[in-house]
Amino acid sequence: MAFWRSLAFSALLLSLFVHGALCFYLPGVAPQDFQKGDPLQVKVNKLTSTKTQLPYTYYSLPYCPPNKIVDSAENLGEVLRGDRIENSRYVFKMREPQMCNIVCKLKLDAKTAKAFKEKIDDEYRVNMILDNLPLVVPIKRMDADSTVYQLGFHVGLKGQYSGSKEEKYFIHNHLAFTVKYHRDTLTESARIVGFEVKAFSVKHEFEGKWDEKTTRLTTCDPHAKHTVVNSNSPQEVEENREIIFTYDVDFQESNVKWASRWDAYLLMSDDQIHWFSIVNSLMIVLFLSGMVAMIMLRTLYRDISKYNELETQEEAQEETGWKLVHGDVFRPPNNSDLLCVYVGTGVQFFGMILVTMLFAVLGFLSPSNRGGLMTAMLLLFVFMGIFAGYASARIYKMFKGTEWKSIALRTAIMFPAIVSAIFFVLNALIWGQKSSGAVPFGTMFALIFLWFGISVPLVFVGAYVGFKKPAIENPVKTNKIPRQIPEQAWYMNPVFSVLIGGILPFGAVFIELFFILTSIWLNQFYYIFGFLFLVFVILIVTCAEITIVLCYFQLCSEDYLWWWRSYLTSGSSALYLFLYATFYFFTKLEITKLVSGLLYFGYMLIASYAFFVVTGTIGFYACFWFTRLIYSSVKID
């Protein structure tokens, strides 16, 4: 079902893009009006921890289950994120406050006590949803008169009684919910614009025989005006202890309109964002790129003018530089088939990123549409297979290749196969931990169908069309005998120049990379796609220019083996990305478990590999265009 829902979502995205339906709400994001007394169903989502990165279902802990647990329909992105949205026993009535409602009473045995303690140790948080809004805990900032929001509340906490050194585990068993609403003064209907909670640990007491419907608590009794306001008498988590789960609901009218209700959520990490430093960094990169472009234009203009002014063969023979290798510069490289495959895959990724960015900037992939971003990226990658096949076949035919079906198959299979192998290993590790983050077999089948049922055929279609096109003509003829490459200076060593070339593209994105990693691994929202698109454009410019500069120096040194080096020069920025991810792991995260560490480095390896393919392809095409341009601009005798 997840697969078909994903296809429906992609069809909706395409219809929105084609018809420009600016006033259309995405599924699950349309506003819902509630009258006073209408029931509000609270749904529960996964338990999450930044220490383990392993999500679990809400009912993996012995929380009070409803009579029948019903799973909500989830799209492909939600399943891959580990979301498991289910119903709960928390039921409110719109604009009708409730105090000290009893959910259930639970007696802990050794197993359930251990489960709660483990989740408290790993600082797990409970996530809930009301009217598509996630539950947040408001936290007042000490350094400013503002509030930040933490997604979900902690399962419990560890502490000590006064005068004791023994550490105890306490559970948050009383939840004080606050539902904020915006009321329409004409119709008296209201829309929910906020869902907050304060969690307390309370050792509830009662008199007489326990009856869930009639028992009145002495520790929380609205009739006696005795409500929970602190955790001075906390509830311990120990075997044979009884825990009573309770909740309050308060309703607050708000001036925030429904369309702006996500604003507070999306500003969660504003205390960490240093806008000035980000913009300053981008301006420096733009300045450097402009300087590089100016130097290149002036140098090339002088070189081309000088070469075209030569009148005699003797003068030409005395010249050195990039013109001397014109008979070898377009000689097919070693492993040219592999280069074609990587270029085609890079085009596929580039198209996916570009279209995803455009949808995100237009607001179609907001966090309110959970899983939408990942679903869109997967589907777009699949459909961009047609461009991958086209690009690889065009380059392959230029290299005098004849077996276009072989190159199409390798383009369709190689990169997804490598990623899938890593993904299957990681998924097996998650499965072994019984985490909800493990991809179910049904979803796995849907992914395989997307790959072999849609992506592979599209790659073959694109390759067929690309191979039928006339071969790309080189501006100069290639000699039959390769020219000998003179000994190169140390700074023109391939390894050195490739490693140097990746620094500038990485410098264009590393500040933004911090916020992306924080949103992924520290469970925060990321929604500055407009700025991210600007960073992406600067990354493209930087990759292209640094590759062109180093390619020019290489040709001036009479080294014509530029094909692979152009790809690796900007692609080497992926190495710095992985090194930065390693640095981030040891400085910002508190992951201590082996499986969690393997998950982090496994997923960052996949991300770095994809980054290598994208940046390498940008550098390759920039250098390809550059060499064709300069060699078509000079007179070749």
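Structure: above.
Model, not experiment: these values are computed from the prediction.

A. Local environment of the side chain of Thr 617. Mapping Thr 617 onto the fold places it in helix H17 (residues 594-631). Owing to a relative accessible area of 4%, Thr 617 belongs among the buried residues under this scheme. Apart from residues no more than four positions distant in its own chain, Thr 617 is found in contact with Tyr 342, Val 343, Gly 346, Val 347 and Tyr 567.

B. Layout of the packing of helix H12 (residues 494-501) against helix H15 (residues 563-571). Their axes nearest at 6 Å, the elements H12 and H15 cross at an angle of 40 degrees. Considered as vectors, H12 and H15 are oriented oblique to each other. For the element pair H12 and H15, the recorded crossing hand is right-handed. Here H12 contributes Pro 494, Ser 497, Val 498 and Gly 501 to the contact with H15, which in turn contributes Arg 565, Leu 568 and Thr 569.

C. A look at the environment of Ser 49. As for its placement among the helices and strands, Ser 49 is situated in the loop between strand S1 (39-48) and helix H2 (76-81). What makes Ser 49 buried here is its relative accessible area of 7%. Residues Ser 49 and Tyr 124, 75 residues apart in the sequence, show an inter-C-alpha distance of 4.5 Å. Those residues within four positions of Ser 49 in sequence are excluded, and the remaining contacts are Leu 54, Asp 122, Glu 123 and Tyr 124. Here the side chain of Ser 49 touches Asp 122 through a polar contact of 2.5 Å, landing on its backbone oxygen.

D. Inspection of the pattern of salt bridges at higher detail. In this structure the tally under the stated criterion is 17 salt bridges. Here Lys 168 and Glu 166 are joined by a salt bridge, their closest N and O atoms 3.4 Å apart. Judged by its relative accessible area of 16%, Lys 168 falls in the buried class. Salt-bridge contacts for Arg 241 lead to Glu 236; the nearest nitrogen and oxygen are separated by 3.6 Å. Owing to a relative accessible area of 30%, Arg 241 belongs among the partly exposed residues under this scheme. Bridged by salt links that share partners, the residues Glu 166, Lys 168, Glu 236 and Arg 241 form one connected network.

What counts, and where the lines are drawn
Every chain begins its residue count from 1, and numbering advances along the sequence as written. Two thresholds apply to this predicted model, a pLDDT of at least 70 for residue-level local features and 80 or more for giving and counting side-chain atom pairs, whereas whole-chain, interface and lining totals are computed over all residues. Remark: hydrogens and water are excluded; side-chain values derive from all non-hydrogen atoms of the structure. Numbering of helices and strands runs from the N terminus, with a helix taken as a DSSP run of H or I at least four residues long and a strand as a DSSP run of E at least two residues long. Here the term buried applies to any residue with accessible area under 20% of the maximum for its type, exposed to any over 50%, and partly exposed to those in between, with areas from a 1.4 Å probe on protein chains only. By definition in these notes, contact holds between two residues if any of their heavy atoms fall within 4.5 Å. Working convention: axes come from line fits to C-alpha atoms, limited for helices to the stretch in contact. Angles between N-to-C directions cover 0 to 180 degrees. Convention used here: angles under 35 degrees read as roughly parallel, angles over 145 as roughly antiparallel, angles from 65 to 115 as roughly perpendicular, and any remaining angle as oblique. Here a crossing is taken to be left-handed if its near helix is turned anticlockwise relative to the far helix by less than a right angle, and right-handed if that turn runs clockwise. Residues adjacent in sequence count toward polar contacts only when both atoms are side-chain atoms; beyond that, a polar contact is any pair of N or O atoms within 3.5 Å, and within protein one must be able to donate a hydrogen and the other to accept it. Just to be clear on terms, a salt bridge is a Lys or Arg side-chain nitrogen sitting within 4 Å of an Asp or Glu carboxyl oxygen.

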